[in-house]
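# Understanding the architecture of this molecule
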Amino acid sequence: MLSAFGRAFRTPDLRRKLLFTLGIITIFRLGAFIPSPGVNYQNVQQCLQNGQTAEGLYQLVNLFSGGALLQVSIFALGIMPYITASIIVQLLRVVIPRFQQLYEEGASGQSKLTQYTRYLTIALGLLNATTLVSLARSGQLLPGCNLPIIPDSSVITTILLIITLTAGTGLIMWMGELVTEKGVGNGMSLLIFTSIAATFPTSLGAIWSSQGPGTFFIVLAVGLLTVALVVFVEQSQRRVPVQYAKRMIGRRTVGGTSTYIPIKVNMAGVIPVIFASSMLYLPGLIAQFNQPAQGEQLQPWVEWINNNLVRGDQPIYMVLYFAMIVFFTYFYVAITFNPEEVSDNMKKYGGFIPGIRAGKPTADYLQYVLSRITLPGALYLGFVALIPLVALVLINANQNFPFGGTSILIMVGVGLETVKQIDAQLQQRHYEGLLR
């Protein structure tokens, strides 16, 4: 393995790509610690040292930003607006026929969809920046902290802060696209990987200092088992055999080959977990805007939401979280994988599944396989996402528990994909690759 990395850095073209990627990652991490204009950095650090953390959806945003959200830095919003915009544009293909036409046009149409995604990212960044500034000014970003995060509440400072946060989102999007174009791997995924990996040392150190070495080693053992489970499932796939008939094109005989359609157990990736987290954040947000005035009694439905749907250690929250992950897994897979489209493409090029007639029977068979294999994938996603919530109940390490939910899913998936890309580029220049 070490010799393979040595060969990668001895290859001029690959070394240039690796160094470029590392340079962008360094700039990205530096931006997470540069405070935004108008933010009192000392007060923010003091609040964080007192153990104040974000909750709900903003805990997920803070994870994707590598802790930059709670620092209120210039990269506080992280890559989350781009992820949301990409998901929205992908879902709109089902609703808006024009978007589906652009997707089917090939490279030119998809570049147009990418442009729409960029515009939507900036719009969402502006909206998220406004929300973040209002939360920071009202003290709701770090509940329980009485120190002012933004001492100057003038209009000019507020506008400047919103513009800075939105520009930070645009800069992150540009850097991610640069890595995809000139570096190694998918730029956006690598930036998310970097953000999550950056929080691991701090989280593990906090567990050691607060819970002791016993809990620390239990967390490490659970983490290793979780990583092994995620690697096993992420690499698992159902291979549907496909046979292509022989055809004569001029004087040449083409076709007659056998291949397969790889249907992954977890085709949805981490998207259902993000959807479920976002939906479960809404009841708490609604309850937050219906708090009673001083001297008035709390409404029963607001009290029920505060007791059951705000904190992750409540049984009702866990059950709803798990059920929503299973639902969104089926929903997202149904949108992204179209058996009829796959069947039509196979029929167009003379392909068929042995024992299955071309056309509608092939689409029905693919739908049958897809619905059966999605169930274990959905249950696996729900199980992995519940690990940090169970850790809160058992070992009281939720706020610092790094091995669970979205973090491991993203890190393992991005790590495997990046290593495969480096291995493929090595094999273009050497007979021996990175993987054995």
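Residues numbered from 1 in each chain as written. Predicted model: local features only at pLDDT ≥ 70, side-chain atom pairs only at ≥ 80, totals over all residues. Heavy atoms only, no water.

As annotated in an unreviewed UniProt entry, the protein chain carries the name Protein translocase subunit SecY and comes from Pseudarthrobacter quantipunctorum. The record held by UniProt for the protein chain lists under Sequence similarities (unreviewed entry) the comment "Belongs to the SecY/SEC61-alpha family." (UniProt positions renumbered as here; feature names shortened; annotations may be inferred.)

## Section: the nonpolar core
The biggest cluster of nonpolar side chains holds 62 residues, and the ones touching the most others in it are Ile79, Ile261, Ile263, Val273, Tyr321 and Leu409. When residues of this core are assigned to their parent elements, the largest contribution, ten residues, is made by helix 16 (residues 360-394). Within the second largest apolar cluster, 19 residues are counted, among which are Leu77, Leu141, Ile150 and Leu165. (Core = buried A, V, L, I, M, F, W, Y, C linked by side-chain atoms within 4.5 Å. Buried < 20%, exposed > 50% of the residue type's maximum accessible area, 1.4 Å probe, protein only. Helix = DSSP H or I, 4+ residues; strand = E, 2+ residues; numbered from the N terminus.)

## Regarding the sheet that holds strand 5 (residues 351-352)
In spatial order, the strands read 4-1-5; together these three strands make up an open sheet with antiparallel pairing. Two strands in the sheet have a free side with no partner beyond their single neighbour: strand 4 (258-264) and strand 5. Pairing analysis gives seven bridges linking strand 1 (residues 237-244) to strand 4, with the strands arranged antiparallel. Bridge pairing in strand 4 links Gln237 to Lys264. (Pairing = 2+ DSSP bridges.)

## Some points on empty space enclosed by the protein
All chains considered together, the criterion is met by one cavity of 30 Å³ or more. What lines the largest cavity is simply Lys264, Val265, Asn266, Met267, Ala268, Thr329, Val333, Leu370, Thr374 and Gly377. Per-element tally for the lining of the largest cavity: the top contributor is helix 16, with three residues. Split by residue class, the lining of the largest cavity holds five nonpolar, four polar and one charged. (1 Å grid on protein atoms, 1.4 Å probe; cavity = no way out; pocket = protein on both sides within 12 Å on 5 of 7 lines; lining within 4 Å. Points joined across faces, edges and corners; volume = space filled by probe spheres on them. Nonpolar A, V, L, I, M, F, W, Y, C, P; charged D, E, K, R; others polar.)

## Overview of the pairing of strand 1
In this structure, strand 1 lies alongside strand 5, joined through two bridges in antiparallel fashion. In the sheet register, Gln243 faces strand 5, and the bridge partner there is Phe352.

## Concerning the side chain of Ser36
Relative to the helices and strands, Ser36 is located in the loop between helix 2 (12-31) and helix 3 (41-49). Of the residues examined, Ser36 reaches a relative accessible area of 2% and is grouped as buried. Within polar-contact distance, the side chain of Ser36 engages the backbone oxygen of Ser73 at 3.0 Å. A polar side-chain atom of Ser36 sits 3.5 Å from the main-chain amide nitrogen of Ile74. Not counting residues within four places of it along the chain, the set of residues in contact with Ser36 comprises Val72, Ser73, Ile74, Leu161 and Leu165. (Polar contact = N/O pair within 3.5 Å; in protein donor to acceptor, adjacent residues only side chain to side chain. Contact = heavy atoms within 4.5 Å.)

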